[in-house]
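Listed below are the residues making up each chain.
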Amino acid sequence: MTEPIVRLAAVEAGYRTAGHERRVLRGVDLEVGHGEMLAVLGANGSGKTTLLGVMAGTIPTIGGSVELDGLPIARRSRAEIARSVAVLPQSLELPAGFRVAEVVAMGRTPHDGRWFGWGPEDQDAVADALRDADAESLADRPVRELSGGERQRVLVALALAQEPSLLLMDEPTTHLDVAHATGLLATLSRLQRARGVTVIVVLHDLVLAGSWAPRVVVLDAGRIVADGPPDAVLVPEIARRAYGVAVDTAVTEGGRRVLVPHVPTGR
Amino acid sequence: MSATTAVPSLAFGPSAGRSALVIGGGALFVLLAATAAVTLGTSGIGVGDAVAIVVHRLTGIGPVTWPASAETIVWELRLPRVVTGMVVGAGLACAGTVFQALLRNPMADPYIIGPAAGASLGAVVALLLPVATAGWLGIGLVQTLAFVGGLLTVLVVLAIARGRGGTPVVTLLLAGYAISSLLSAGVALLIFSSGERLAAVISWLLGSLAGASWPRVAVAAPLIVVSFTLLLLRWRRLNALLLGEGPAAHLGIEVEREKRVLTVLAALATSAAVAVSGTIGFVGLVVPHLVRLVVGPDHRLLLPASLLYGAGLLVVADLGARLAGGVPVGVVTALLGAPFFLWLLRRRVTGVEDRP
Amino acid sequence: MALRRPAFLTSVALLFLFGLSACATAPGAGSPPASAADSGPPPSVAPSAAAAAYPVTLTDDTGRDVVISAEPQRIVSLAPSNTEIVCALGACDRLVGVTDFDDYPAEVADVDDVVIAASVDVELVVAAEPDLVLAAGNELTPSTVIEQLDGLGLPLLVLYPESLEEVYADIELLGRALDRASEADALVAGMEERVAEVVAAVDGAERPLTLYEVFHAEGTTYTAGDGSFLASLLELAGAEPLTGDAQGVLDTETLVAADPRLILLGTASYDQSLADPDTALATVSARAGWAELAAVRDGAVVPYLDDIVTTRPGPRIVDGLEALARAIHPDRFGSDQ
């Protein structure tokens, strides 16, 4: 695979509200190859969500170019993009009255289907998605009865039902406890191995990012200030620059480097 | 890729059996309602005769054993009225379902962004115009202006609510409310100065199928049928919109375009319905809710079911209206619909069903 | 695949609906095999005395030309005034449908009602198999109903007289329609004579400004409209009518400014509580602003019990005129008739 699945070149992007423009991304260059796993870190407002939006084609660029599988994303229809790219938003309220399997089936929307039903490909995709997301047992449950962790698994299944080559997730671990958060990341690794899907995850937890991601990208004020393996990226200078916090570096028994924030307790 | 064997009985969406039951039941309901409405009435035509008349007219079969007046009543009066009722009921229920999903508002009905107010204004203007032709009130003019008024209003509301980033649902609702109020004020003013035409105006506003005729059916039915057929095909997009506009976009839907298309299609059906039968209330609001209680929120089944039960219900309501002395059907739907709606609200408030 | 079934059934349902509407439009907007008023030999406007009275082309009060091809045997009347004309011309036995409001002559009580509570039941009209339908104008018979009946090919005459002359004309019109022209002439002549008597009797008398109250609610009085039939009757009866706007609406301020000398309570014809003169006076004086009216102070408030004949534009309209004259000029037109 020589062609990266996603390539951003000098991308500028932002939001326009009532008269003035807020530029969030200022010149971002990024290439992600097929099957890569990538964690995106950065302070609030640094542009992480915008970065995902640009890669999903839902946020248009003001400058620069975005290519998906070699083709400019602007030239692709939403449905085309949705067949390759699945996005898990920060929060998603599931509509009442549906069962889990029905919601996951909505992931089949971008794929041309029958007029009035679901075909065997859809059935298979949904079954695979539920299994891969470890949500098989939830298939018949009403969505309003799910716990937070269960809901997260269902959302992953929903994304997987699209049969994407690129999976974008915006802070999926924020509301999860340690067990569920690590479980989710483990699932993502498993998915990448099983389906070859490219995974880009925005994380806020430096420790989790350090222990999971083979590649970390750090954003600061709309620019990428670090891009590489965690050992190289997760250094105190970067943490100070990106987050404005002082950190201590620790090395685990397994030899991994983690950053531990310094909490000024005044003692 | 085939892993269905790993998950033995994965079936999503309502089971095939359930779908068949609901759709089949709906079709049966419509058929029964239509049959009842064609065979029952104030003039004592026997059930057998009524059926025989319809068969005779459609196929030419059978000796003619009934008086010409009976044939006129069944074929020229009752049958067009029944067909109009089915088509209007289906159109309104379908439009109501679509607006409830699109606007993510359970109180939405087909009139919420203005077609009723616009159609009313058009119709009342036509009713009050002193038409020079032989003293009649230009009946064709009423339907035409009502349809144009309804559709135009929705397009105006869409245009007003459209911003640079798209058409936010809340803006659409507010613009619809504002325009509706404005147009309703115009209607009220016209009512005030309607003089002897008041009865005709009120009757139209209440909604009635009494003026149904084959020429009207020929004009309105294709519009409504085409609209709801196209809407039926969009069930996946309607489901996705229930997740929210962002997630729907990620699922491949051109959200802004889809909102416009859905609005225009639903407005077409609504305007055509209102043009031929006045502003019949509650069908578009209550039928989707009732059907959703039984069938669930999946539009794959909800839309066709709403359509069928809306058609059947309006035909039944009109039969009741006829037998109750020629009351406008809008009165019957309001009398039945309002208590139903209150009952639905109570269910919601007391937490019987899932809260949105 | 099991999932195909709902799709199939839905398609069937849709096809059913399509098919029904398609089939239904095929025969086109039909007229029944009943006597088509629009076909037949070219109409000839036959003079009333000639032997060949049919077919005859008549122009009704809305300008429609209607061909009557044979003497009508089954008549449906959609307004009491039309019924009365038919009966006055001696064709009462031909009536097969009337309104539930018809009350004169007594025989019509036995005729089936096709109009119930002012709502025309088109099915019942058609079921009566009429060869002539008499409708009323000015939305008394809704124009939608008229159009529907017209569309079904029923011969339909719309009558809407707005003056005595027009009542005479309608009587003559029906006379020609029913081949009762001589009866019509005689009826009209009799009416004209009685009217002349009234006019002669009140000639030269002072004309009081008179308010004829049709209805009163919430501070607004409904009376004779400006230039209306009722206004002309009041004039013929020797009064100067106090009229409202074109619809007959009169607000209290205008009423007080005009200060009529005589008030005739047409509402007393329907409201028992106003039938007694003293009660009527008391009720009326209690209305805001009315106590100061000249008519009230003088006690010239008359419960008027003949509103029906005064407002029904048929043969008995002259009875109404006479009742008005008695009420306005009791000294001049007291015990006559």
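Keep in mind that what you see is a predicted model, and the values were worked out from it rather than measured. (Residues numbered from 1 in each chain as written. Chains lettered and ligands numbered in written order. Predicted model: local features only at pLDDT ≥ 70, side-chain atom pairs only at ≥ 80, totals over all residues.)

Section: the overall build of chain C
Consideration 1: Summing up its helical and strand segments, chain C has 12 helices and 15 strands in all.
Consideration 2: Among the 337 residues that make up chain C, the fraction classed as buried is 49%.
Consideration 3: In chain C, the share of contacts with a sequence separation of at least 24, taken over all contacts with a separation of at least 6, comes to 58%. (Helix = DSSP H or I, 4+ residues; strand = E, 2+ residues; numbered from the N terminus. Buried ≥ 20, exposed ≤ 12 C-beta atoms within 10 Å, placed from the backbone. Contact = placed C-beta atoms within 7 Å.)

Structural notes on the overall build of chain B
Consideration 1: When its secondary structure is counted, chain B shows 14 helices and 0 strands.
Consideration 2: Rg of the C-alpha trace for chain B: 22 Å, near the compact-globule value of 21 Å for 356 residues, within the 12% margin.
Consideration 3: Along the longest, intermediate and shortest principal axes, the C-alpha atoms of chain B span 65 × 50 × 40 Å.
Consideration 4: With 356 residues in all, chain B has 56% of them scored as buried.
Consideration 5: Of the contacts formed within chain B by residues at least 6 apart in sequence, a portion of 78% connects residues at least 24 apart. (Rg over C-alpha atoms; globule rule 2.2 N^0.38 Å.)

Quick word on the pairing of strand E6 (residues 85-88) of chain A
Residue and element names in this part refer to chain A.
Consideration 1: Going residue by residue along E6, you find Val85 and Val87 tucked away on one face and Ala86 and Leu88 tucked away on the opposite face as well.
Consideration 2: The pairing of E6 with strand E7 (residues 166-170) spans 4 bridges and is classified as parallel. Note that in E7 the partner of Leu88 across the bridge is Met169. (Pairing = 2+ DSSP bridges.)

Considerations on the pairing of strand E4 (residues 95-99) of chain C
Residue and element names in this part refer to chain C.
Consideration 1: Burial runs high along E4: 5 of the 5 residues are buried.
Consideration 2: Handedness of the crossover joining strand E3 (residues 75-77) and E4 through helix H2 (residues 80-88): right-handed.
Consideration 3: Pairing of E4 with strand E5 (residues 113-116) involves 2 bridges; the strand directions are parallel. Looking across to E5, one finds that Val98 is bridged to Asp113. (Right-handed = clockwise from strand over helix to strand, strands pointing away.)

Let's talk about the sheet that holds strand E14 (residues 262-265) of chain C
All names here are of chain C.
Consideration 1: Pairing in this open sheet of 4 strands is parallel, and the strands run E12-E9-E14-E15 from one edge to the other. One side of each edge strand has no neighbouring strand; the edge strands of this open sheet are strand E12 (240-241) and strand E15 (301-303).
Consideration 2: Relative to E15, E14 is paired through 3 bridges, and the arrangement is parallel. Of the residues in E15, the one forming a bridge with Leu265 is Pro303.

A word on the sheet that holds strand E8 (residues 156-159) of chain C
All names here are of chain C.
Consideration 1: On the basis of which strands lie adjacent, the open sheet formed by 6 strands has the order E6-E5-E4-E3-E7-E8 and mixed pairing. If you trace the sheet from one side to the other, it starts and ends with strand E6 (119-120) and E8, each paired once.
Consideration 2: Bridge count for E5 against E6 is 2 bridges, and the pairing is antiparallel. In the strand pairing of E6, Val115 is matched with Val120.

Here's the deal with the confidence of the model for chain C
Residue and element names in this part refer to chain C.
Consideration 1: Scored by pLDDT, chain C comes out at a mean of 84, with 83% of its residues at no less than 70.
Consideration 2: For residues 1-49, every residue scores under 50 in pLDDT, and the model assigns this stretch 86 contacts once sequence neighbours within four places are set aside.
Consideration 3: With pTM at 0.83, the complex prediction returns an ipTM value of 0.89. (pLDDT = per-residue confidence, 0-100.)

Describing unusual backbone geometry
All names here are of chain C.
Consideration 1: Between Tyr104 and Pro105 the backbone carries a cis peptide bond, its omega angle lying at -10 degrees.
Consideration 2: Looking at where Pro105 falls in the secondary structure, it is placed in the loop between E4 and E5.
Consideration 3: In this structure, Glu139 is a non-glycine residue whose phi angle is positive, near 70 degrees.
Consideration 4: Relative to the helices and strands, Glu139 resides in the loop between strand E7 (132-136) and helix H4 (143-151).

Some points on helix H12 (residues 283-295) of chain B
Residues and elements named next belong to chain B.
Consideration 1: With 13 residues, H12 should cover 18 Å at 1.5 Å per step; its first-to-last C-alpha distance of 17 Å lies within 8% of that length.
Consideration 2: With 11 of 13 residues buried, H12 lies mostly within the body of the structure.
Consideration 3: If you check which residues of H12 are buried, you get Val283, Gly284, Leu285, Val286, Val287, Pro288, His289, Leu290, Val291, Arg292 and Val295.
Consideration 4: In this fold, the buried residues of H12 make contact with helix H1 (16-39), helix H3 (68-102), helix H13 (299-323) and helix H14 (329-349).
Consideration 5: Phi for Gly296, located one or two positions after H12, is positive at around 95 degrees. (Expected span 1.5 Å × (residues − 1).)

As for the interface of chain A and chain B
Consideration 1: With 36 residues of chain A at the interface, the matching set in chain B holds 32 residues.
Consideration 2: Looking at the side of chain A that touches chain B, the elements with two or more residues in it are helix H2 (78-84), helix H3 (100-105) and helix H4 (120-132) of chain A.
Consideration 3: Here the side of chain A that touches chain B gets 7 residues from one element, more than from any other, and that element is H4 of chain A.
Consideration 4: Grouping the constituent residues of the side of chain A that touches chain B by class yields 21 nonpolar, 5 polar and 10 charged. (Nonpolar A, V, L, I, M, F, W, Y, C, P; charged D, E, K, R; others polar.)

Some remarks on the nonpolar core
Consideration 1: Counting 302 residues, the largest nonpolar core has Val104 and Ala157 of chain A as the members making the most contacts within it.
Consideration 2: If you tally residues by element for this core, the top one is H3 of chain B, at 20 residues.
Consideration 3: Summarising the domain contributions, this core has at least three residues from each of domain 1 (56-179) and domain 2 (205-328) of chain C.
Consideration 4: Setting aside residues up to four positions removed in sequence, Ala157 of chain A forms contacts with Val104, Ala129, Leu130, Ala133 and Ala135 of chain A. (Core = buried A, V, L, I, M, F, W, Y, C linked by C-beta atoms within 7 Å. Domains from an automatic or database assignment.)

Some remarks on the domain arrangement of chain C
Residue and element names in this part refer to chain C.
Consideration 1: Here the domain parsing of chain C yields domain 1 (56-179) and domain 2 (205-328).
Consideration 2: Each of domain 1 and domain 2 has a C-alpha centre, and these two points are 30 Å apart.
Consideration 3: In this complex, domain 1 contributes 11 residues to the contact, which on the side of domain 2 involves 8 residues.
Consideration 4: For the side of domain 1 that touches domain 2, the secondary structure elements donating two or more residues are H2 and helix H5 (164-177).

What to know about the packing of H1 of chain B against H13 of chain B
Residues and elements named next belong to chain B.
Consideration 1: Their axes nearest at 9 Å, the elements H1 and H13 cross at an angle of 20 degrees. Judged by the angle between their axes, H1 and H13 are roughly parallel. Two packed elements cross with a definite hand, and for H1 against H13 that hand is left-handed. Contacts between H1 and H13 involve Ser19, Val22, Ile23, Gly26, Ala27, Phe29, Val30, Ala33, Ala34, Ala36 and Ala37 from the former and Leu301, Pro304, Ala305, Leu308, Tyr309, Ala311, Gly312, Val315, Val316, Asp318 and Leu319 from the latter.
Consideration 2: Here the contact of H1 with H13 is composed, by residue class, of 18 nonpolar, 3 polar and 1 charged. (Axes fitted to C-alpha atoms, helices over the stretch in contact; angles between N-to-C directions. Parallel < 35°, antiparallel > 145°, perpendicular 65-115°, else oblique. Left-handed = near helix turned anticlockwise from the far one by under 90°.)

Brief notes about the environment of Pro67 of chain B
All names here are of chain B.
Consideration 1: Looking at the element boundaries, Pro67 is found in the loop between helix H2 (47-59) and H3.
Consideration 2: A residue is classified by how many C-beta atoms lie within 10 Å of it, and Pro67, with 16 of them, is partly exposed.
Consideration 3: Each C-alpha atom, one on Pro67 and one on Ile45, is 9.9 Å from the other, the two residues being 22 residues apart in sequence.

Quick word on the environment of Gly225 of chain C
Residues and elements named next belong to chain C.
Consideration 1: Take Gly225: it is sitting in the loop between strand E11 (220-222) and helix H7 (229-236).
Consideration 2: Along the chain, Gly225 and Asp245 lie 20 residues apart, while their C-alpha atoms are 5.7 Å from each other.
Consideration 3: Residue contacts for Gly225: discarding those within four places in its chain leaves Ala231, Thr243, Gly244, Ala246, Gln247 and Gly248.

Let's talk about the environment of Tyr104 of chain C
Consideration 1: Looking at the element boundaries, Tyr104 of chain C is found in the loop between E4 and E5.
Consideration 2: The sequence separation of Tyr104 of chain C and Ala196 of chain C amounts to 92 residues, and the corresponding C-alpha distance is 25 Å.

Points about H3 of chain B
All names here are of chain B.
Consideration 1: In a regular helix each residue adds 1.5 Å, so 35 residues correspond to 51 Å; H3 covers 49 Å between its end C-alpha atoms and thus fits that length.
Consideration 2: Along its length, H3 reaches its greatest deviation from straightness, about 35 degrees, at Arg78, and the proline Pro80 lies no more than four positions downstream.
Consideration 3: The buried fraction of H3 is high, at 34 of 35 residues. (Bend = angle between axes of the 7 residues up to and from the residue.)

Quick notes on the packing of H3 of chain B against helix H11 (residues 255-277) of chain B
Residues and elements named next belong to chain B.
Consideration 1: Direction vectors running N to C along H3 and H11 enclose 150 degrees, while the axes themselves pass 9 Å from each other. As the angle between them shows, H3 and H11 are arranged roughly antiparallel. Our pair here, H3 against H11, has a crossing hand that is left-handed. Contact residues: H3 offers Thr84, Val88, Gly91, Leu92, Cys94, Ala95, Val98, Phe99 and Leu102, while H11 offers Lys259, Leu262, Thr263, Ala266, Ala269, Thr270, Ala272, Ala273, Val276 and Ser277.
Consideration 2: Residue composition of the contact of H3 with H11, grouped by class: 13 nonpolar, 5 polar and 1 charged.

Some remarks on the confidence of the model for chain B
Should the pLDDT be low somewhere, the predicted coordinates at that spot are not to be read in detail.
Residue and element names in this part refer to chain B.
Consideration 1: Residues with a pLDDT of 70 or more make up 92% of chain B, whose mean pLDDT is 86.
Consideration 2: Per-residue pLDDT stays below 50 along residues 1-9; that stretch engages in 17 contacts with residues further than four places along the chain or on separate chains.
Consideration 3: The low-confidence segment residues 132-139 (pLDDT under 50) makes 17 contacts with residues lying over four places distant or belonging to another chain.

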